[in-house]
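# Remarks on the overall topology
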Amino acid sequence: MLSFPVTPSLLNHSHLLHHRPYFSFTVRSSSSSSAVQEVEESSKSTADAGELSSELYVSPPFPQIRAAKRVVLVRHGQSTWNAEGRIQGSSDFSVLTKKGEAQAETSRQMLFDESFDVCFSSPLIRSKRTAEIIWGNRKEEILTDYDLREIDLYSFQGLLKHEGKTKFGPAYRQWQVNPANFSIDGHYPVRELWARARNCWTKILAHESKSVLVVAHNAVNQALVATAIGLGTGFFRILLQSNCGVSVLDFTPSADGGSPHICLNRLNQTPNSPVAAGSSGGRKASKRIILVCYGTTQGDSEASVAYSAEQPMNMLGIIQAQKTAELLLDLNVSSVVSSPKNACVQTAEAISRVQEAADCLGADCVPRYVELKKMNDLDVEDILQQSKKDTVGVAPFQPGWLKGFEDEVLSTLWNQSGKVWQSLLTEQADEAEPEKVVVVVGHPAAHIALMGHCLNLTKEWMGSFHLDAGSVSVIDFPDGPAGRGVIRCINYTAHLGRWSIPITRSTVDDEEF
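Residues numbered from 1 in each chain as written. Predicted model: local features only at pLDDT ≥ 70, side-chain atom pairs only at ≥ 80, totals over all residues. Heavy atoms only, no water.

The protein chain is annotated in an unreviewed UniProt entry as 2-carboxy-D-arabinitol-1-phosphatase from Citrus clementina. One UniProt comment on the protein chain, placed under Catalytic activity (unreviewed entry), says "2-carboxy-D-arabinitol 1-phosphate + H2O = 2-carboxy-D-arabinitol + phosphate". Here the protein chain is described in UniProt, under the heading Subcellular location (unreviewed entry), as follows: "Plastid, Chloroplast stroma". (UniProt positions renumbered as here; feature names shortened; annotations may be inferred.)

As structure tokens, this is what we get:
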């Protein structure tokens, strides 16, 4: 295997910088960990080195690229220390379990037909073995990069979680509730990790390749996703990375030759179901919002496909809706909220019918009742049609398509979606239902805005996310609806089977990107 030389991480992390290539202004959010401020001098540091500033800074732009590039991130399969509940960090004593090997094999099959040009891997055994399984008999060598190792946790490494709590007390508590400011042995691990992730991107983007596979770890993959789209250390444990979960980022050259446009195409597509029982960032979640994009419609073959939700679904759309309904069958859905547009209502009705037949289908012992309701504020197509730009041929299922609309249109969409988000949080706050799953069916633009509100972002981030027809995205609330939402997955399409969206696509012609 080939290896890159070790590049020392930044030593002073009190002024850690974060990338945001799409805008330049100051914005403050209600969440201090989500606030973003552009600074003129990248060398500016906070006065107190012991506490991370309440603002996240924007770093210099990413390096220019000459051709479109897609990067597929994969976390390693389950390791022996994962199974034991032991803190791994960047230690290299654990190996893949049989389950971990099977997960890696499933990922290999999922990515078997994909035309990767290169594979980067962490040098740690559990990640390197996962990369070897996925890479298979491809001729190209796997490139190991020490910066792709897992987060350095120093004295925590090797401890069982209850041992860490007993031995370190307040420090372990800080690691759980405020990781951005967590310090141990004179280090700030999460801040160091963010700096290291930025360094990784410089090397990955400099490589002459169009389709890149990166196999690494939970925390470092979180940092890679976050730094790519401009999110700081306050988003640690907010964008989940499960064992062998796949995340995809698209880098498109800028027309002015500057920093590329970066879009998160999908997050944490796992070998198993994204709605299966489990934890979100190590915490159980009893409240959940599931965002479902309607299936393809008869209007999708016509010119103005950005406004096709009013059309009835075509046969593929009907299949997509049915597959989504089957995926959600293992959940006891409390309510389905839908845009009033035809394709959305059709999708919502399919989900409701399958839920209410759960006893007949063997998924439950008693019939279920699912409340189905339409919400007018979920209808965003009328807002998009206010655009004075030529939007004929605009496809809502292409990365970054929302960048083509005026600021005024995006502001209206953002504000209306904010009302929907508050309404959904109010519904989730009902203490009469300690466990509640709400399914929301709507236009991809509405769902992208809802995820932005969940993350306490601003409308400028809407071009940084992507959703496909029939996709599912999951938001968990491990601390209840009053706490921060955790994004379990974005743009999951594996449930669509033969009609799922490929992880990678041809990059022979940049226009196809």
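Right, picking up where we left off after that structure.
Annotation from UniProt places "binding site: substrate" (unreviewed entry) at Arg75, His76, Gly77, Gln78, Ser79, Thr80, Trp81, Asn82, Arg126 and Lys161. One can find histidine 76 in the loop between β6 (69-75) and α1 (80-84). Beyond its immediate stretch of four places on either side in the chain, histidine 76 contacts Asn82, Gln88, Arg126, Ser127, Thr130, Ala216, His217, Asn243 and Cys244. Residues in contact with serine 79, not counting those within four places in the same chain, are Gln88, Ser94, Val95, Leu96, Thr97 and Arg126. (Helix = DSSP H or I, 4+ residues; strand = E, 2+ residues; numbered from the N terminus. Contact = heavy atoms within 4.5 Å.)

Bringing the packing of helix α8 (residues 315-327) against helix α9 (residues 342-356) into the picture now. As a packed pair, α8 and α9 sit with axes 8 Å apart at the nearest point and diverge in direction by 40°. Judged by the twist between their axes, the crossing of α8 over α9 is right-handed. Residue-level inspection shows Ala321, Gln322, Thr324 and Ala325 of α8 in contact with α9, the latter providing Thr347, Ala350, Ile351 and Val354. In the contact of α8 with α9, the residues fall into five nonpolar, three polar and no charged. (Axes fitted to C-alpha atoms, helices over the stretch in contact; angles between N-to-C directions. Left-handed = near helix turned anticlockwise from the far one by under 90°. Nonpolar A, V, L, I, M, F, W, Y, C, P; charged D, E, K, R; others polar.)

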